[in-house]
Amino acid sequence: MNSLLATAHPYIIQYGYGALFGVLFAESLGLPLPGETFLVAASFLAVQGQLNIWLVVVTAWAAAALGDNAGYAIGRFGGRKLLVRHGARAGISAARLDKAERFFAHYGPEVVIVARFFPVLRQLNGLTAGSAGMGWKRFAVYNALGALLWVGAWSAGVYYFGTQVEAWLLRVHTAELWLAGALALVLLVAVVYWAMSKRSRSRR
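My aim in this report is to walk through the structure given alongside it, one point at a time. Predicted model, so just to flag it, every value in this text is computed and none were measured.

## Digging into the overall build of the protein
Thinking step 1. Regarding its fold elements, the protein presents 8 helices and 0 strands.
Thinking step 2. The linear arrangement of helices and strands in the protein, starting from the amino end, is α-α-α-α-α-α-α-α.
Thinking step 3. The 204 residues of the protein split such that 38% are buried.
Thinking step 4. Here the contacts in the protein between residues at least 6 apart in sequence split such that 76% fall between residues at least 24 apart.
Thinking step 5. If you sum the accessible surface of the protein, you get close to 12,000 Å²; carbon and sulfur atoms cover 70% of it.

Written as structure tokens, this is what we have:
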């Protein structure tokens, strides 16, 4: 078992399904936690007979779906106001936010399902849907489907591919680091460009 799974292993051994539920719920709510690592570790323990695979699937699915719904509530009842109030500092005007919300409303179901399979999008899925004003019933249905597909894919992957899943998980986390670095670089360039543009306008 590689270091990624070894990190989650003792928590699941000690706290069982509660640890799996807590981590996946918090990750889906928006916190940067290793949900996939805990799901794969729990599935390995189920293969070894220490956990029940069906309880792992149900627990993980419930945690992911409920966490996203909690994030949706936060985004729906508080997120948009915060974005409109403080977003101008990052170039997010009310007009631009309206355009983004219309786009999300149009492609919402597909975004909700696909986002579950990408680390950063998975964490912000509910918050963004709520902030964009997507209908809750619509979100809940597609979110539940996306969570089921995601949980089922990883759990089934452990059964069919065994230790190869560990290597794939490592690649996923490596990709997360590269993505985070790329986003940080883009943000840095944007800030520098904004600062230079502002200085140039002030000189005129």
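## Regarding the nonpolar core
Thinking step 1. Counting residues in each nonpolar core, the largest one holds 25 residues, and the members touching the most others are Ile 12, Leu 20, Leu 39, Leu 51, Val 56 and Trp 150.
Thinking step 2. For this core, the elements supplying multiple residues, two or more each, are α1 (3-15), α2 (17-29), α3 (35-47), α4 (53-86) and α7 (136-161).
Thinking step 3. The element best represented in this core is α3, accounting for 8 residues.
Thinking step 4. For Leu 20, the residues in contact, after removing those within four places along its chain, are Phe 38, Leu 39, Ala 42, Val 56, Thr 59 and Ala 60.
Thinking step 5. Counting 5 residues, the second largest nonpolar core, distinct from the first, contains Tyr 72, Val 112, Ala 129 and Phe 139.

## Details of the packing of aromatic side chains
Thinking step 1. Tallied over the entire structure, the rule returns 3 aromatic pairs.
Thinking step 2. Here Tyr 11 and Phe 38 contribute two aromatic rings whose centre-to-centre distance is 6.3 Å and whose plane-to-plane angle is 35°, an arrangement assigned as tilted. Of this pair, Tyr 11 sits in helix α1 while Phe 38 is found in helix α3, placing the two residues 27 residues apart along the sequence.
Thinking step 3. Phe 38 gets classed as buried once you look at its relative accessible area, which sits at 6%.
Thinking step 4. Centroid distance Phe 21 to Phe 25: 5.9 Å. Interplanar angle 15°. Geometry classified as stacked. Within this pair, Phe 21 and its partner Phe 25 are both found in helix α2, separated by 4 residues, close to a single helical turn.

## With respect to α3
Thinking step 1. In a regular helix each residue adds 1.5 Å, so 13 residues correspond to 18 Å; α3 covers 19 Å between its end C-alpha atoms and thus fits that length.
Thinking step 2. Burial runs high along α3: 12 of the 13 residues are buried.
Thinking step 3. Among the residues making up α3, those that are buried are Gly 35, Glu 36, Thr 37, Phe 38, Leu 39, Val 40, Ala 41, Ala 42, Ser 43, Phe 44, Leu 45 and Ala 46.
Thinking step 4. Positive phi shows up at Gly 49, right after α3, with a value of about 90°.

## Some details on the side chain of Asn 143
Thinking step 1. Of note, Asn 143 is situated in helix α7.
Thinking step 2. A residue is classified by how much of its surface remains accessible, and Asn 143, at 1% relative accessible area, is buried.
Thinking step 3. Residues within four places of Asn 143 in sequence aside, it is in contact with Ala 64, Ala 65, Asp 68, Asn 69, Val 112, Arg 116 and Asn 125.

## Quick look at a nonpolar patch on the surface
Thinking step 1. A grouping of Val 114, Phe 117, Phe 118, Leu 121, Val 141, Tyr 142, Leu 145 and Leu 149 is seen on the molecular surface, where their side chains present a nonpolar patch of about 700 Å² in accessible area.
Thinking step 2. Looking at which element gives the most residues to the nonpolar patch, the answer is α7, with 4 residues.
Thinking step 3. Tracing the backbone shows Val 114 in helix α5 (residues 94-115).

Calculation criteria
- Residues numbered from 1 in each chain as written.
- Predicted model: local features only at pLDDT ≥ 70, side-chain atom pairs only at ≥ 80, totals over all residues.
- Heavy atoms only, no water.
- Helix = DSSP H or I, 4+ residues; strand = E, 2+ residues; numbered from the N terminus.
- Buried < 20%, exposed > 50% of the residue type's maximum accessible area, 1.4 Å probe, protein only.
- Contact = heavy atoms within 4.5 Å.
- Areas by Shrake-Rupley, 256 points an atom, 1.4 Å probe, with all protein chains shown as cover.
- Core = buried A, V, L, I, M, F, W, Y, C linked by side-chain atoms within 4.5 Å.
- Phe/Tyr/Trp six-rings, centres within 6.5 Å; stacked < 30°, edge-to-face > 60°.
- Expected span 1.5 Å × (residues − 1).
- Patch = residues over 30% accessible without salt bridge, like charges linked within 9 Å, V, L, I, M, F, W, Y side chains within 5 Å.
- Salt bridge = Lys/Arg side-chain N within 4 Å of Asp/Glu carboxyl O.

Everything listed is a geometric property; what it means functionally is a separate question.
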